[in-house]
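Structural features, examined
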Amino acid sequence: MSHPRAAQVPDAVEQVHFHNLECVPETLEVGDFFKEVSLFKVNEALFAGGDDDHVAEKRYQDAVDHASNDKKRNRALRARDKRYRYMARRRRKGHDDSELFENEWLPGINTPVVRRRIQMSRDLELDLPEPKDDDDSDKTSVSSDDGEESSDSDSDADAKTKKKDSDDGKKKKEPETFMHFNAYSNGKAAARLHPRKPPVPLGVHRMGTSEGETPLTATMDYVYCPVVLHYTNCGFANWKRKYEILTTGHKTADGAFSLKKGGIKTVRSHLAARAIAMRGGGRFDRDMEKFYRTFIMGNECGELAHFAQHGIVVRVGWIAAFLAELTARDERALLALEEEELVPLPEPPRKPAAVLPKAPPPATLKPKPKPPREPEPATRALAPPPATLNPPGSFADFMKARKKAAQ
């Protein structure tokens, strides 16, 4: 049941923004997402101690004011300026500042996990394109050397990794470790419907007016507020098949999905999976499974217990329990139906058939008299049979009689 405040939306508010949680599959293969997956990463905007945009900007300025040397001060200045440019772009697009949060303590919690994941990431030999300054849509985790805002709601410790100077004087970036969300983190929205001015989608996360403007939006960020559960990347076979589809048959130079879409280069885990899927060959299956186990399931170092201790992941088990109870109830009802002895229903009483009067017997027809037979003509007497030419006796007597007749 949702919180009572969920129904108390002022009439002036045309859109309600809900934060999303991202699922964490705990087994390599998943059949039924809703019954087998119950662990979720908490959206950073919902963490206790999160700073809204104005507090975060003040912290950037404090980092400049309290820098201990020129090198740190210049780095803090670059981070602050990038942050200001980023927020200016968002405000021009009509985004609400309350949707952005930063946590100063989250990178510290992630630090021991980052250290363990660096070697695993290095073994994958990933070389991902750098995000551009104007990539600010649908962000999740952006790698940065200046510690600027990394996403709409993610604060990735990996995004704050520093570049080290090598012997030849060139800066070398540490491999990315894809902390926290692997997909979008800017939630979803529900818009108020009007019969003559229906809302129109502004992307896949927000709605706008029929004139293309951003309506007045309220963000659900109070305690026990409703959230969107994002069941993404459930099951290795499904995830692998997804990137086999996304990296073939597109109208690009390499056949994979385009990297020119705004904000796509900020979805670092998405880009990493793309790069591995494009390799093919003998390393494809091994590297895909290693990436999935390390960064999607995210427990190769036992880090889920560490995250659960700090409230970064939570268990949402009532959905699986609710569906299991529904399934069990249906099975019990079906079993009872099969075992029940079906009693035949009594036949409805039949109306007696109307008795029709018997028809009178047909009149007896008298047989017609037979015509008299014509008299038969008088018969002539038959001639007597001719005398026998062969008298009795022997053949010799016969011959004698013949000769005698001849004379």
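Our subject is the structure that appears above.
Residues numbered from 1 in each chain as written. Predicted model: local features only at pLDDT ≥ 70, side-chain atom pairs only at ≥ 80, totals over all residues. Heavy atoms only, no water.

Overview of unusual backbone geometry
Applicable threshold: Where helices and strands are cited, they refer to DSSP runs of H or I of at least four residues and of E of at least two residues respectively, numbered from the N terminus. Buried means the residue's accessible area, taken with a 1.4 Å probe over protein chains only, is under 20% of the maximum for its type, while exposed means over 50%, and partly exposed covers the values in between.
Positive phi values are uncommon outside glycine, yet Glu125 reaches one of about 55°. The topology assignment puts Glu125 in the loop between helix 4 (106-124) and strand 4 (164-165). Judged by its relative accessible area of 55%, Glu125 is exposed. In the Ramachandran plot, Phe178 falls in the positive-phi region, its phi being about 50° despite a non-glycine side chain. Secondary-structure assignment places Phe178 in the loop between strand 5 (171-172) and strand 6 (188-191).

A few points about empty space enclosed by the protein
One simple way to see leftover space: roll a probe sized like a water molecule over the atoms. Quick reminder of the rule: Using protein atoms alone on a 1 Å grid, points that fit a 1.4 Å probe yet trap it form a cavity, whereas open point sets bounded by protein on both sides within 12 Å along at least five of seven lines form a pocket; residues with an atom within 4 Å of a point count as lining. Grid points are joined across faces, edges and corners, and a volume is the space filled by probe spheres set on the points. For this classification, Asp, Glu, Lys and Arg are treated as charged, while Ala, Val, Leu, Ile, Met, Phe, Trp, Tyr, Cys and Pro are nonpolar and the rest, including Gly, are polar.
According to the stated counting rule, one finds three cavities of 30 Å³ or more in the structure shown. The computed volume of the largest cavity comes to approximately 130 Å³. If you trace the largest cavity, you find 16 residues lining it, with Lys41, Arg117, Met179, His180 and Phe307 closest to the centre. Broken down by secondary-structure element, the contributors of at least two residues to the lining of the largest cavity are helix 4, helix 7 (283-297) and helix 8 (303-309). A breakdown of the residues in the lining of the largest cavity according to their chemical character gives 11 nonpolar, three polar and two charged.

Notes on the sheet that holds strand 3 (residues 39-41)
Inclusion rule: The criterion for strand pairing is that DSSP finds at least two bridges linking the strands in question. Convention adopted: a line fitted to C-alpha atoms gives each axis, helices being fitted over their contacting stretch, and angles between N-to-C directions are expressed from 0 to 180 degrees.
Taken in spatial order, the four strands line up as 10-2-3-11 in an open sheet, and their pairing is mixed. Unpaired on one side and paired on the other, strand 10 (228-230) and strand 11 (313-315) mark the two borders of the sheet. In this sheet, adjacent strand axes meet at a mean angle of 35° when their direction is disregarded. Sheet analysis places strand 2 (residues 20-23) next to strand 3, joined by two bridges and oriented antiparallel. Within the sheet, the bridge partner assigned to Glu22 lies in strand 3 and is Lys41.

Points about the sheet that holds strand 9 (residues 217-220)
Across the sheet, three strands lie side by side as 6-1-9; this open sheet has mixed pairing. Two strands bound the open sheet, and with one partner strand each, they are strand 6 and strand 9. With strand direction ignored, the average angle separating the axes of adjacent strands in the sheet is 25°.

Observations regarding the packing of helix 4 against helix 7
Here is the rule we go by: Roughly parallel covers angles under 35 degrees, roughly antiparallel covers those over 145, roughly perpendicular covers 65 to 115, and oblique covers all other angles. For a crossing to be left-handed, the near helix must be turned anticlockwise from the far one by less than a right angle; the clockwise case is right-handed. The contact criterion used is simple: two residues touch if any of their non-hydrogen atoms lie within 4.5 Å.
Where helix 4 contacts helix 7, the axes come no closer than 10 Å and their chain directions differ by 160°. Here helix 4 lies roughly antiparallel to helix 7, going by the angle between them. In this structure, helix 4 meets helix 7 at a crossing whose hand is left-handed. Contacts between helix 4 and helix 7 pair Arg117, Met120, Ser121, Asp123 and Leu124 from the former with Arg283, Asp287, Lys290, Phe291, Thr294 and Phe295 from the latter. Here the contact of helix 4 with helix 7 is composed, by residue class, of four nonpolar, two polar and five charged.

Digging into helix 10 (residues 395-406)
Put simply, the rule is: Expected span of a helix, by definition, is 1.5 Å for each gap between consecutive residues, and there is one gap fewer than residues.
Its 12 residues place the ends of helix 10 17 Å apart at the C-alpha level, agreeing with the 16 Å of an ideal helix rising 1.5 Å per residue. Of all 12 residues that make up helix 10, zero are buried, and the element is exposed over most of its length.

A short note on the pairing of strand 2
Of the two faces of strand 2, the one carrying Asn20 and Glu22 and the one carrying Leu21 and Cys23 are both buried. As paired strands, strand 2 and strand 10 are joined by three bridges and run parallel to one another. Within strand 10, the position partnered with Asn20 by the bridge is Val228.

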